[in-house]
Amino acid sequence: MLDLRVPSGWFFTLLGVILVGMGLITPDARAALTDFNVNLYSGIAMLIFGLFLLLMARLAAGKSR
Amino acid sequence: MKLAPVDYVILATYFAMVLGIGWMLRKKVSTSGDFLLSGRAVPVWITSLAFIAANLGAQELIGMAASGAKYGIMTAHFYWVGAIPAMVFMGLFMMPFYYGSKARSVPEYLKMRFDEKTRGFNAFTFAVMTIFSSGISMYALGLLLHLVLGWNFSTSVLATAAIVLAYTYLGGLTSAIYNEVLQFFLIVAGFAPLAILACVKAGGWHGIVSRLPSNMTHSWTHMGSAADNPMGVEIFGMVAGLGFVLSFGYWCTNFLVVQRAMAADSMSAARRTPLVGAIPKMFLPFIVILPGIAAVALAQMSAAGGAHLYDLPLKLSGGVWVKDYDQVLTTLMAKFYPAGILGVGLTGLMASFMSGMAGNVTAFNTVFTYDIYQSYIRKGAPDRHYLTVGRMTTIVGVALSIGAAYLAQYYNNIMDLLQFVFGFVNAPLFATFLLGMFWKRATANGAFYGLVTGTVAAALTWGLTVAEGKGGVFGHVHTFPSVMAQNFWIAIVAFTSCFLITVLVSTVTRVRKESELEGLVYGLTKIRRDENARWFERPVVLAVFVLVLAVILNIWFA
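Residues numbered from 1 in each chain as written. Chains lettered and ligands numbered in written order. Predicted model: local features only at pLDDT ≥ 70, side-chain atom pairs only at ≥ 80, totals over all residues.

Time to look at the overall build of chain B. Counting its secondary structure elements, chain B contains 24 helices and five strands. For a compact globule of 558 residues, the expected C-alpha radius of gyration is about 24 Å, and chain B comes in at 23 Å, within 12% of that figure. The dimensions of chain B, computed from C-alpha atoms along their principal axes, are 80 × 55 × 50 Å. Looking at chain B as a whole, 58% of its 558 residues are labelled buried. (Helix = DSSP H or I, 4+ residues; strand = E, 2+ residues; numbered from the N terminus. Rg over C-alpha atoms; globule rule 2.2 N^0.38 Å. Buried ≥ 20, exposed ≤ 12 C-beta atoms within 10 Å, placed from the backbone.)

Here it is as structure tokens:
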């Protein structure tokens, strides 16, 4: 059975990389009311979440083997 | 709102992802049970997130932000009063019968407990309802994408429907459920930043409280009389109508959500599904409602130049400009999200739409295949045949929803009415289940006539009362302070009349033998204990934890 943590982990890691990239390349990108680099911070959060899912999947796979 | 290339990349990645998950799960489907019931093999963390995601459609997302701006923190009652207690009840008391009876659907449980006509009544109303709700939400999304991004209505509706069709066709219920979890994560990822940004900009919760009237930032304080609060509902109507009848009717008997719990891999996991789901559910208001409340505060704040930071969106209605609350969410996104995170937010919106639609389609599938096709059209065929029928029904279900979406586009008023009707058509059903599961003397005829009476009573109450100038088709007996109050009271009337008639008819009709009711009724069912479950996995422990948290939230924002 497919471990859902693997695809969603990769998905959020990828999203995180894209957003962190945006945050670093265009740190001044702002919408009308944003005061800080929202791409960078939310990107970091998604990256951590994605890697966390991948880690959990890895641990579970190790246990079942 | 303008999208940048990176936003399209994010959207495309997401589409590829959901299709990929469907593709990876396609090999798992070899029987109709795999396709329609997930073979009862899904882990609990997945079923519990799918349980709340299937309910979290685009309309819900847009509607909750809209209600936040219109009614304030009282909107959270739809979660803290209108969902959590019912989810706890479902996990503790009802799941043992659903899961233990081996019924494949909610209508099938009714057939096992009562009889064929009760099942038929429920199966048909449910099938019609899912198609229309899926169509209405598709219409809402198409309209919004057209309004906000200028996308063509047909293109966006057909493209998203095609993707949902592809992944549910490939992997069946498992694929729908797996994607719902991904969609849930994405909704949180896409909208939590918005809630934080909007709230911080409005000066935090204290800043919001200082700018809004007190009855928008207190959920219980102004409930004494309907005239004091923006929702126009008094405390009894709220607690009995929403908190009891409507919410228990929805969360405990609607197959759309029950199906997710039934897909769990064990009795214990099935019981824990709504309980575990209740934990994220109770914090969702901070993501979906808070932006709407913050929007009202922002609309009262001025920038350096003197202009408002934000203006509530308007629409032309009957020649006058009125507030268009449904656009609050998207206009906030445009104000706060630069390219990049904007793509994530938009993808979250699409994800919510897809999870809602896939939920409807898979529930429709199962009920049609097992409760209508197998029961009334062709009995006793080999399982392969029903697998094919299930797959075909997926296509038909999606096609019908698209039809309903176009119908909604042309006959807007009919859809408003239908949506209103669906709001209370489930209300009497909870009385039927309550008596069926906990009173062994309830009979089939009692259940059927109770259900019919309850539905008729609901329609009559609606036809005889007026709220906000609507209703009163058959006469004018009573005026409700708001449509919301009318809705809650219709539910109360429907439930009460169904309950009374079921009891009354049951006492004069023949009772079934106790041996036939084993596994279906409380007191005649041995509820298995999971001896090897760890203490925090026990349903009762979880339930107490959830309820304590819910009480704390209610007091905090009272």
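Let us now look at the overall build of chain A. Along the backbone of chain A there are two helices and zero strands. Relative to a compact globule of 65 residues, whose C-alpha radius of gyration would be 11 Å, chain A shows 15 Å and is clearly more extended. Taking the principal axes of the C-alpha coordinates as reference, chain A spans close to 50 × 20 × 15 Å. For chain A, the share of sequence-separated contacts (at least 6 apart) that also reach a separation of at least 24 residues comes to 72%. (Contact = placed C-beta atoms within 7 Å.)

This part is about the interface of chain B and chain A. If you look at the interface, chain B gives 29 residues, while chain A gives 22 residues. Of all elements in the fold, only α1 (5–25), α9 (153–201), α17 (328–336) and α18 (341–377) of chain B reach the threshold of two or more residues within the side of chain B that touches chain A. Looking at which element gives the most residues to the side of chain B that touches chain A, the answer is α1(B), with nine residues. Taken together, the residues of the side of chain B that touches chain A sort by class into 24 nonpolar, three polar and two charged. (Nonpolar A, V, L, I, M, F, W, Y, C, P; charged D, E, K, R; others polar.)

Moving on: α18(B). Residue and element names in this part refer to chain B. For α18, which comprises 37 residues, the first-to-last C-alpha distance of 50 Å matches the rise-based estimate of 54 Å (1.5 Å per residue) to within 8%. In the structure, α18 departs most strongly from a straight axis at Phe368, where the bend amounts to approximately 35°. For α18, the tally of buried residues reaches 31 of 37 residues, placing the bulk of the element in the interior. (Expected span 1.5 Å × (residues − 1). Bend = angle between axes of the 7 residues up to and from the residue.)

Residue and element names in this part refer to chain B. Two elements in contact, helix α3 (residues 44–53) and α9, have axes separated by 8 Å at closest approach and are oriented at 70°. Viewed along their axes, α3 and α9 adopt a mutual orientation that is roughly perpendicular. Contacts from Ile46, Thr47, Leu49, Ala50, Ile52 and Ala53 of α3 reach α9 at Ile177, Tyr178, Glu180, Val181, Gln183 and Phe184. (Axes fitted to C-alpha atoms, helices over the stretch in contact; angles between N-to-C directions. Parallel < 35°, antiparallel > 145°, perpendicular 65-115°, else oblique.)

Side chains of residues three or four places apart in an α-helix project in the same direction, reflecting 3.6 residues per turn. Residues and elements named next belong to chain B. Counting buried residues along α3, nine of its 10 residues qualify, which places the element largely inside the surrounding structure. Looking only at α3, the buried set comprises Val44, Ile46, Thr47, Ser48, Leu49, Ala50, Phe51, Ile52 and Ala53. On its buried side, α3 packs onto α9, α13 (255–262), α14 (267–283) and α18.

The next subject is the sheet that holds strand β4 (residues 470–471) of chain B. Residues and elements named next belong to chain B. Strands sit in the order β4-β3-β5 across an open sheet of three strands; the sheet is mixed. Of all the strands in the sheet, just β4 and β5 (478–480) have a single pairing partner and so form its edges. Where strand β3 (residues 465–467) and β5 come together, three bridges link them in parallel fashion. Counterpart to Val466 in the pairing with β5 is Thr479. (Pairing = 2+ DSSP bridges.)

Before going further, it helps to spend a moment on the packing of helix α6 (residues 84–100) of chain B against helix α12 (residues 235–253) of chain B. Residues and elements named next belong to chain B. Taken N-terminus to C-terminus, the directions of α6 and α12 make an angle of 55°; their axes are 9 Å apart at the nearest point. For the element pair α6 / α12, the angle class is oblique. In this structure, the crossing between α6 and α12 has a hand that is right-handed. Here Pro85, Ala86, Met87, Phe89, Met90 and Met94 of α6 lie close against α12, whose contacting residues are Gly243, Ser247, Phe248, Trp251 and Cys252. Along the lines of polarity and charge, the residues of the contact of α6 with α12 split into nine nonpolar, two polar and no charged. (Left-handed = near helix turned anticlockwise from the far one by under 90°.)

All names here are of chain B. In the sheet, strand β1 (residues 314–317) pairs with strand β2 (residues 320–323) via four bridges, with the strands oriented antiparallel. Among the inter-strand pairings, Ser317 is bridged to a residue of β2, identified as Val320. Connecting the antiparallel pair β1 and β2 is a turn made up of two residues, with Gly318 showing a positive phi of about 60°.

The subject of this paragraph is unusual backbone geometry. Residue and element names in this part refer to chain B. Although it is not a glycine, Ser38 sits at a positive phi angle of roughly 65°. With phi around 65°, Lys102 is a residue other than glycine that occupies positive phi space. Following the sequence through the fold, Lys102 ends up in the loop between α6 and α7 (106–113). On the basis of neighbour count, Lys102 is assigned to the exposed category, with 12 C-beta atoms found within 10 Å.

Time to look at the environment of A:Pro27. Looking at the secondary structure, you find A:Pro27 in the loop between α1 (5–25) and α2 (38–64). Along the chain, A:Pro27 and A:Ser42 lie 15 residues apart, while their C-alpha atoms are 13 Å from each other.

When pLDDT is averaged along chain B, the result is 89, and 97% of the positions lie at 70 or above. In the predicted complex, the global pTM is 0.92; the interface-specific ipTM is 0.95. (pLDDT = per-residue confidence, 0-100.)

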